[in-house]
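# Notes for the structure review
Read off the chains here:
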Amino acid sequence: MTTTTLTQGRTVRTIQPLQGKARFERAMWLFMRYSGLALVFLALSHFWVQHLLIGTHAITTAQTVVFWGAQGQPITLGNVLFRLYYAVMLVLAVGHGINGVRQVAYDYFGHRPAIYKGLMAVVTTIAALISLGGLVALALGAQASSEVAMR
Amino acid sequence: MKVTLKIKRFNPEVDKKPHWESYTVDVEPTDRVLDALHEVKWSIDGTLALRRSCAHGICGSDAMRINGRNMLACKALVKDVAKDGVITVEPILGLPVVKDLIVDMAPFFAHYRAIMPYLVNNDPPPERERLQSPEDRARYDDTTKCILCACCTTSCPSFWARGEYVGPAAIVQAHRFIFDSRDQAAEERLRILSEPDGVWRCRTVFNCTEACPRGIQVTKAIGEVKEALRTGVIR
Ligand code: SF4
Ligand code: SF4
Ligand code: FES
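Residues numbered from 1 in each chain as written. Chains lettered and ligands numbered in written order. Predicted model: local features only at pLDDT ≥ 70, side-chain atom pairs only at ≥ 80, totals over all residues. Heavy atoms only, no water.

Once that is clear, we can look at the overall build of chain A. The helix and strand tally for chain A stands at 5 helices and 1 strand. For chain A, the α and β elements follow one another from N to C terminus as β-α-α-α-α-α. When contacts within chain A are restricted to residue pairs at least 6 apart in sequence, long-range pairs at least 24 apart make up 62% of them. For chain A, the exposed area adds up to about 10,100 Å²; of that, 71% sits on carbon and sulfur atoms. (Helix = DSSP H or I, 4+ residues; strand = E, 2+ residues; numbered from the N terminus. Contact = heavy atoms within 4.5 Å. Areas by Shrake-Rupley, 256 points an atom, 1.4 Å probe, with all protein chains shown as cover.)

Counted by the stated rule, this structure contains 23 salt bridges over all chains. The salt bridge involving Asp107(A) is made with Arg201(B); its shortest N-O contact spans 2.9 Å. Linking Asp107(A) in helix α3 (residues 77-109) with Arg201(B) in the loop between α7 (186-193) and α8 (207-211), this pair reaches from one chain into another. By the burial criterion, Asp107(A) is buried, and Arg201(B) matches it. In this structure, Asp141(B) engages Arg137(B) in a salt bridge whose closest nitrogen and oxygen atoms are separated by 3.0 Å. (Salt bridge = Lys/Arg side-chain N within 4 Å of Asp/Glu carboxyl O. Buried < 20%, exposed > 50% of the residue type's maximum accessible area, 1.4 Å probe, protein only.)

The next thing to look at is the domain arrangement of chain B. Residues and elements named next belong to chain B. The domain boundaries assigned to chain B delineate domain 1 (2-103) and domain 2 (106-231). Using C-alpha coordinates to define each centre, domain 1 is positioned 29 Å away from domain 2. With both sides pooled, the region where domain 1 packs onto domain 2 buries about 1,100 Å², and carbon together with sulfur makes up 60% of that total. Interface area lost by domain 1 to domain 2 is led by Asn70, Leu93 and Leu95, which between them contribute 40%. Note that arginine 69 is salt-bridged to glutamate 210, the shortest N-O span being 2.1 Å. Here domain 1 is connected to domain 2 by 4 residue pairs in polar contact (both at pLDDT 80 or more). Listed by contribution, the elements that provide at least two residues to the side of domain 1 that touches domain 2 are β3 (63-66) and β4 (69-72). For the side of domain 1 that touches domain 2, the element with the highest residue contribution is β4, accounting for 4 residues. (Domains from an automatic or database assignment. Buried area = accessible area lost by both parts, 1.4 Å probe. Polar contact = N/O pair within 3.5 Å; in protein donor to acceptor, adjacent residues only side chain to side chain.)

Neighbouring ligand 1 are 13 residues; Cys156(B), Cys202(B), Arg203(B), Val205(B) and Cys208(B) lie closest to it. Contributions of two or more residues to the shell around ligand 1 are made by α8 and α9 (218-231) of chain B. (Near = heavy atom within 4 Å.)

A separate point is the interface of chain A and chain B. Contact residues are listed per partner, giving 27 residues for chain A and 34 residues for chain B. When chain A packs against chain B, the two sides together hide about 2,800 Å² of surface, and 55% of this comes from carbon and sulfur. Interface area lost by chain A to chain B is led by Arg13(A), Ile15(A) and Asp107(A), which between them contribute 27%. There are 2 salt bridges connecting chain A and chain B. Our count for the contact surface shared by chain A and chain B stands at 16 residue pairs in polar contact (both at pLDDT 80 or more). When contributions to the side of chain A that touches chain B are tallied by element, the ones reaching two or more residues are β1 (13-14), α1 (20-55) and α3 of chain A.

So this is what it looks like as structure tokens:
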């Protein structure tokens, strides 16, 4: 018997880039992976800051106002970082949650377009409201936010 | 030893919904659940309906839910699954029950056919076989072992929720051809699997890997298909 080894090693092939829906689903899948990973660290560090650094018994509105930079003083770099940190967490958490709900809604109601679209409309509205709230909190001037904090 | 089989029965001609029935049989601890079921069917109640053929873990026809886990009845030993002398047996989930332990496999095979489970090569046939390197052959070795028993697909929560999801078994079969260097339809299969009811419905729960009686790394194979879709490279 003779053995002919035609090739050696592994063949590598490439495919055309994905288009349309497939491309979107892949992007969403990757987003879930990366945002999920990031949120683990963000949530843990959030607990660390609030419960260890600040201390469970010292979490008050006044304390948050200090970190947020809303005591009527010029905003420091620390305040900016604090806001950015929570902005990233908010965006990722809302995005992750919304896409998760979209997946589950598709699982159970994908074959009933009316219910699926209705659900997605509700979810999108909630997302828009949360984002709006987030934007207001982020962009709030020092004066306005200290007034909010006073109330 | 005496063992009680608690079997989920359903006869569409008389029953509105399934019900449980118990049978106590005398078996050896090293007998298989299939032997115990045969004992019920052949000596106690001939109306029990189940599907099996080879009885040796090859044909893949006797997948069932034994104590809540998908297994082949011909590969599960009584001593390994009996809990306080009781074994529960149900049909696999997610497919319509025809009678007792027999389900309608048509939707399962429809997904299988959808991924083009055959070699596509439009080059003129060589004088003898189409050769490939040992490394290329090893690439898809794991997924050649599939016997299409449906243990994986019917253990998958994503499939239970949405029967349109192509399911792990079809992805395993697609993997077997996508990563075969002699095949020329990998791109087409990948396009089918990149649709919303393709690989993205997999949430990496690993139920399929745990259920596979052939020990195929099902979730890993699905991951490799996702990786090919992510990078656009089949390697
Ligand atoms: S790993 Fe994916 S295909 Fe397997 S059971 Fe989980 S969700 Fe289903
Ligand atoms: S991958 Fe395993 S569990 Fe799934 S159909 Fe094939 S042999 Fe059965
Ligand atoms: S009867 Fe063939 S695999 Fe069990």
